[in-house]
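The residues making up each chain are set out below.
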Amino acid sequence: MTTTTAATITVEQLRDEVTALARRCLCDPVTELFGPLLETQERVFSRLENDPVPEHLHELYLLAGLVSGMLAKAHHDLDREHQAMSLARMAYVCADNAGHGGLRAWSRGLQSLLAYSGGRPQEAASFADCGARIAVEQTGSVASWLACGLARALARLGAAEPARLALARAEDLREHHVHDDLDALGGIFLFTPARQHHYAADTYACLPEQADRAVHEATRSIALYAAAPPEQRSFGDEAGARCVLALTRVRAGDAAAARDALGPVLRLDLPRRTAEVMAGMARVGDALRHSRFVDVPEARDLREQIEWFAQRPASALSS
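This is a predicted model, so every value here is computed, not measured.

(A) Structural view of empty space enclosed by the protein. Using the criterion set out here, one finds two cavities of 30 Å³ or more in the structure. Along the walls of the largest cavity sit Gly109, Ser112, Leu113, Tyr116, Ala128, Trp145, Leu146, Gly149, Arg152 and Tyr199, which together make up its complete lining. Residue classes in the lining of the largest cavity are distributed as six nonpolar, three polar and one charged. Here the second largest cavity defines a volume of roughly 30 Å³. Examining the composition of the lining of the second largest cavity, we find that three residues originate from one element, helix 6 (residues 101–117), more than from any other. Across the lining of the second largest cavity, the residue classes break down as five nonpolar, no polar and two charged.

Listed below in structure tokens is the structure:
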């Protein structure tokens, strides 16, 4: 993009582009978002490099941080973890340059999410704790997100009581939540109650003797998503809640109930089979390999469906 072209794009136009993408990034398939995100990132950084007006720098750095964070999530959805973490770090640096505490905290939450999904719960807990300390002065939902991210990372580490305390803190933060500018953007920048119940379900599924709580939280998340407006209906988190519900059913020995829980997930089209969705399905598939299911037809059938599903991830659609 030339300097002349960059100069014709106003900051208001860039703000509108970033806002529109933020509102699409939970419900649209990543294959439809990736190109527009790359183009918008290029436009924002071109304007940032070529804009001589000092009063524009704050907002341009903020927009650069937002679009870099969304692009990091898109790379993560396509199972490109190195690129995702690099862009998450870029989002943090841009937020720091913009002096935006909320986006700095959110970027740490994104890094925690990437580490958690990559099977590194200790790193995920560290990022979430760092973000939570930044978010102390924030009123928006990012604070609840960080507490929930810390809770499920701690649960994966076997720290049951600290995980429960982190969930309790998330609930308290939710009660005092006041929408901020990140929440106003929506999409992945708004941590809705439905997403919070999903994280709680994931946490309880990792804790001993908490299966009933996991079922309750997962069921609540699924119900809230069913009633949510389209722009707040995260197919990834809804699938995650269904995977947690299925996992608890498998552990209880009920393969048929697990199959019912996973029905909508198994019907997801390829562009929506993101890395997190595939990881949730893999956990259920692993649980179904227990020796008690060897001669159970429903379990064998569900294992076959999950194995077939696993061969066709969203990442297979991208070069």
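(B) Representation of the environment of Arg259 in the model. With respect to the element layout, Arg259 can be found in helix 14 (residues 255–266). We classify Arg259 as partly exposed; its relative accessible area is 32%. Spatially, the C-alpha atoms of Arg259 and Ala223 are 18 Å apart, while their sequence positions differ by 36 residues.

(C) How the structure looks around a negative patch on the surface. On the surface, Asp254, Glu298, Asp301 and Glu304 cluster together into a patch of negative charge. Tracing the backbone through its elements, the reader meets Asp254 in the loop between helix 13 (235–251) and helix 14.

Thresholds, definitions, all that
Residues numbered from 1 in each chain as written. Predicted model: local features only at pLDDT ≥ 70, side-chain atom pairs only at ≥ 80, totals over all residues. Heavy atoms only, no water. 1 Å grid on protein atoms, 1.4 Å probe; cavity = no way out; pocket = protein on both sides within 12 Å on 5 of 7 lines; lining within 4 Å. Points joined across faces, edges and corners; volume = space filled by probe spheres on them. Nonpolar A, V, L, I, M, F, W, Y, C, P; charged D, E, K, R; others polar. Helix = DSSP H or I, 4+ residues; strand = E, 2+ residues; numbered from the N terminus. Buried < 20%, exposed > 50% of the residue type's maximum accessible area, 1.4 Å probe, protein only. Patch = residues over 30% accessible without salt bridge, like charges linked within 9 Å, V, L, I, M, F, W, Y side chains within 5 Å. Areas by Shrake-Rupley, 256 points an atom, 1.4 Å probe, with all protein chains shown as cover. Salt bridge = Lys/Arg side-chain N within 4 Å of Asp/Glu carboxyl O. Lys, Arg positive; Asp, Glu negative; His and termini not counted. Charge placed at Lys NZ, Arg CZ, Asp CG, Glu CD.

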